[in-house]
Amino acid sequence: MNETTTTMSTIPWLTILAALPLVGSLVVAFAPGSVENAKRIALGTSLVTLVLGIVAALQYDPDATAQFQLGEYAEWIPQLGVSYSLGVDGIALVLILMALVLTPVCLLAAWHDVPEVAEPGSAKKVKGYFALLLSLETFMVGVFAATDIFLFYVFFEAMLIPVYFLIGRFGGPRRQYAAMKFLLFSLAGGLVMLVAVIAVYLQGPGGADGFLVSQLTGLELDPTTERLLFVGFFLAFAVKAPMVPFHTWLPDAATESTPATATLLVGVLDKVGTFGMIRFCLQLFPNASEWATPVVVALAVVSVLYGALLAIGQTDMMRLISYTSVSHFGFIVLGIFAFTNVGGAGSSLYMVNHGFSTAALFLFAAMLIHRRGSKRIPDYGGWQRVTPGLAGIFLVASLSGLALPGLASFVSEFLVYVGTYPTQPVAAVLATAGIILAALYMLLMYKRVMTGPKPEALALDAAAVDDRWRTSSGGTIIPDLSLREKVVAAPLIAAFLVLGFFPNLALDVINPAVDTSLSHVSTADTSPPAADAAAEGSSK
């Protein structure tokens, strides 16, 4: 174990953060008791995990010289060079914290996702749903914390299991198709990555800890070999990200998922793709990363524009939000492969801000859909007069989606543009069209759904509308935000404002990790400091 790259922790914080949700999910799934108690256990477990995550994060020192902190190490399969090695840099830390915040938010939002009916097996189904959501938190922590690439691959693939069942069992009418498409795309990318993982180990020093990132950084590789290994990793990450042309699984998966599943899938799990590009592609294969930059940047620009154009033409609210994420991931990849400090910091911050922004869009849209019983945008109109509170938070989420100054997403998008222009000016100029297109798809959606005269007679779908809103005479009432929904919305809107006005809370942690990743790339430009650029952007 190379001690110079990892600061070891006396308390296994990362293992605790990963194990606690898994234990909680087993309790939720198999312990006797009512469904309501199971839900409370799931929510309580996620909140305890969040508190412990904050305590662990306070132990992190941004000024430390080691690349990874809160480190843990134990031999796992020494004959194969596999070790149980965990640690976080600034990028991994903020992504883990984002996942820990979004998990209880999603659990609370999912309180009535699975109908509780008086049928055999109904309670078991509800418990299974919450157990799967909670277990997903374990893999989210593990995949961002793994510093052994084989262990990373294990978590990378293990995430597929709960997501597949969450989509295939609890999703919409085409859930089986969407779940299988998600699984096949992910397995195909993972299989290519597995070959590359084994191949890079064979190029390294080997030994009982031969899969450690520290052992595989700085290898003298043949150019052809390095390029092939880069392609193996990049393809898996491009599928996960998702980038055009590997994005087609996302709209189906997100549209057919429950809102909580879609939020964790797009808001957190898809970040593994862009995180992996920084952690592995840039650090392990820097020369191949430079070689592939023209193609990757071109794909990023295409993703920005193509995703935005497809979003504009959607009539399904959830599908529209899914395509906006394809566009946003294009921005993230563009900043990563700009090879500048500002671009890399902007992309890393963008991953966090996009997670909160996407969560708000999916969850707030779901609140509308529960009331109206339809995902189709043409079925709405005038709803700000029916549910003014819900219209207000939906507007804030939409403004965050189009990167309004003052909200968190503006800072990260600004940094990506500032960081990309010095090295990729053509791509930066082309990608600016994404700003205009984002305003179009967000504001048009809000206009079509919320503005206009109050609908006098709502033709609600009798089969879809929530039974809690039926009157004794058989009619329906349309309530505004409930207390539970306000609690769901509060941390998301708070994140927009806090990271919008004080982005250095995250950037001060992210910047050293970006510097370390870029130090391996010979053409990287680490000036000007990202914090200075963020301050300049916030003042405009």
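Scroll up a little and you will see the structure.
Every chain begins its residue count from 1, and numbering advances along the sequence as written. Predicted model: local features are reported for residues with pLDDT of at least 70 only, side-chain atom pairs are reported and counted for 80 or more only, and whole-chain, interface and lining totals are derived from all residues. Hydrogens are left out, water is left out, and the side-chain values use all remaining heavy atoms of the structure.

**Side note on the pattern of salt bridges**
Line of reasoning, step 1. What makes a salt bridge here is a side-chain nitrogen of Lys or Arg within 4 Å of a carboxyl oxygen of Asp or Glu, nothing more. In the structure shown here, the tally under the stated rule is seven salt bridges.
Line of reasoning, step 2. In this structure, the salt-bridge partner of Arg279 is Asp89, at a minimum N-O distance of 3.0 Å. Here Asp89 lies in the loop between strand E3 (82–88) and helix H3 (90–109) and Arg279 lies in helix H12 (residues 271–284), a separation of 190 residues in the sequence. Asp89 carries the same exposure label as Arg279, and that label is buried.
Line of reasoning, step 3. Here Arg376 and Asp379 are joined by a salt bridge, their closest N and O atoms 3.1 Å apart.
Line of reasoning, step 4. Asp379 gets classed as partly exposed once you look at its relative accessible area, which sits at 26%. Strands here are runs of E lasting at least two residues and helices are runs of H or I lasting at least four, both read from the DSSP assignment and numbered beginning at the N terminus. Burial classes follow relative accessibility: with a 1.4 Å probe on protein chains only, a residue under 20% of its type's maximum area counts as buried, one over 50% as exposed, and anything between as partly exposed.

**Comments concerning the sheet that holds strand E1 (residues 6–8)**
Line of reasoning, step 1. A sheet is described by the order of its strands in space; here three strands give the open sequence E1-E2-E3, paired in mixed fashion. Looking at the sheet topology across the chains shown, the edges are occupied by E1 and E3. The average angle at which neighbouring strand axes cross in this sheet is 45°, direction not considered.
Line of reasoning, step 2. In terms of strand pairing, E1 meets strand E2 (residues 68–77) through two bridges, oriented parallel. Residue pairing in the sheet places Thr6 in a bridge with Phe68 of E2.
Line of reasoning, step 3. Set on the sheet, helix H5 (residues 149–158) makes contact with E2 and E3; between it and E3 the angle comes to about 80°. Pairing between strands requires that DSSP locate at least two bridges from one strand to the other. Only the stretch in contact is used when a helix axis is fitted, and all axes are lines through C-alpha atoms; the angle between N-to-C directions ranges over 0 to 180 degrees. Contacts were defined at the residue level, with two residues in contact if any of their heavy atoms lie within 4.5 Å.

**With respect to the packing of aromatic side chains**
Line of reasoning, step 1. Centres within 6.5 Å make a pair out of two Phe, Tyr or Trp rings, where for Trp the six-membered ring is used; the pair is then stacked when the planes are under 30 degrees apart, edge-to-face when over 60, and tilted otherwise. Scanning all chains against the criterion turns up 25 aromatic pairs.
Line of reasoning, step 2. A ring pair is formed by Phe144 and Phe275, whose centres lie 5.2 Å apart and whose planes are at 90°; its orientation type is edge-to-face. Linking Phe144 in helix H4 (residues 122–145) with Phe275 in helix H12, this pair joins segments that are 131 residues apart in sequence. Just as Phe144 is buried, Phe275 falls in that class too.
Line of reasoning, step 3. Here Phe337 and Phe339 contribute two aromatic rings whose centre-to-centre distance is 5.8 Å and whose plane-to-plane angle is 55°, an arrangement assigned as tilted. One exposure class covers both Phe337 and Phe339, and it is buried.
Line of reasoning, step 4. Every member of this aromatic cluster is reached through a ring pair, and the members are Phe152, Phe156, Phe233, Phe237, Phe280 and Phe285.

**Description of H12**
Line of reasoning, step 1. Between its terminal C-alpha atoms H12 stretches 19 Å, which fits the 20 Å expected from 14 residues at 1.5 Å a residue.
Line of reasoning, step 2. In terms of burial, H12 is a largely internal element, 14 of the 14 residues being buried. What a helix is expected to span follows from its residue count: subtract one and scale by 1.5 Å.

**Side note on a nonpolar patch on the surface**
Line of reasoning, step 1. Residues with no salt bridge and a relative accessible area higher than 30% make up the patches, which join like charges within 9 Å and nonpolar side chains (Val, Leu, Ile, Met, Phe, Trp, Tyr) within 5 Å. Each accessible area is a Shrake-Rupley estimate made with a 1.4 Å probe; only the visible protein chains count as cover when residues are assessed. A cluster of nonpolar side chains, contributed by Leu497, Val498, Phe501, Phe502 and Leu505, occupies part of the molecular surface with about 530 Å² of accessible area.
Line of reasoning, step 2. By residue number, the principal contributor to the nonpolar patch is helix H20 (residues 483–501), which donates three residues.
Line of reasoning, step 3. Here Val498 lies in helix H20.

**Remarks on the packing of helix H7 (residues 175–203) against helix H9 (residues 223–240)**
Line of reasoning, step 1. Look at H7 against H9: their axes get within 8 Å of each other, and the N-to-C directions meet at 150°. Taken together, the axes of H7 and H9 lie roughly antiparallel to each other. Taken as a pair, H7 and H9 cross one another with a handedness that is left-handed. Residue-level contacts link Phe185, Ser186, Gly189, Gly190, Val192, Met193, Ala196, Val197, Ala199, Val200 and Gln203 of H7 to Thr225, Leu229, Gly232, Phe233, Leu235, Ala236, Phe237, Val239 and Lys240 of H9.
Line of reasoning, step 2. Gly falls in the polar group here, along with every residue not listed as nonpolar (Ala, Val, Leu, Ile, Met, Phe, Trp, Tyr, Cys, Pro) or charged (Asp, Glu, Lys, Arg). Class assignment for the residues of the contact of H7 with H9 results in 13 nonpolar, six polar and one charged. Working rule for angles: under 35 degrees goes down as roughly parallel, over 145 as roughly antiparallel, 65 to 115 as roughly perpendicular, anything else as oblique. The crossing is said to be left-handed when, going from far helix to near helix, the turn is anticlockwise and less than a right angle, and right-handed when the turn is clockwise.

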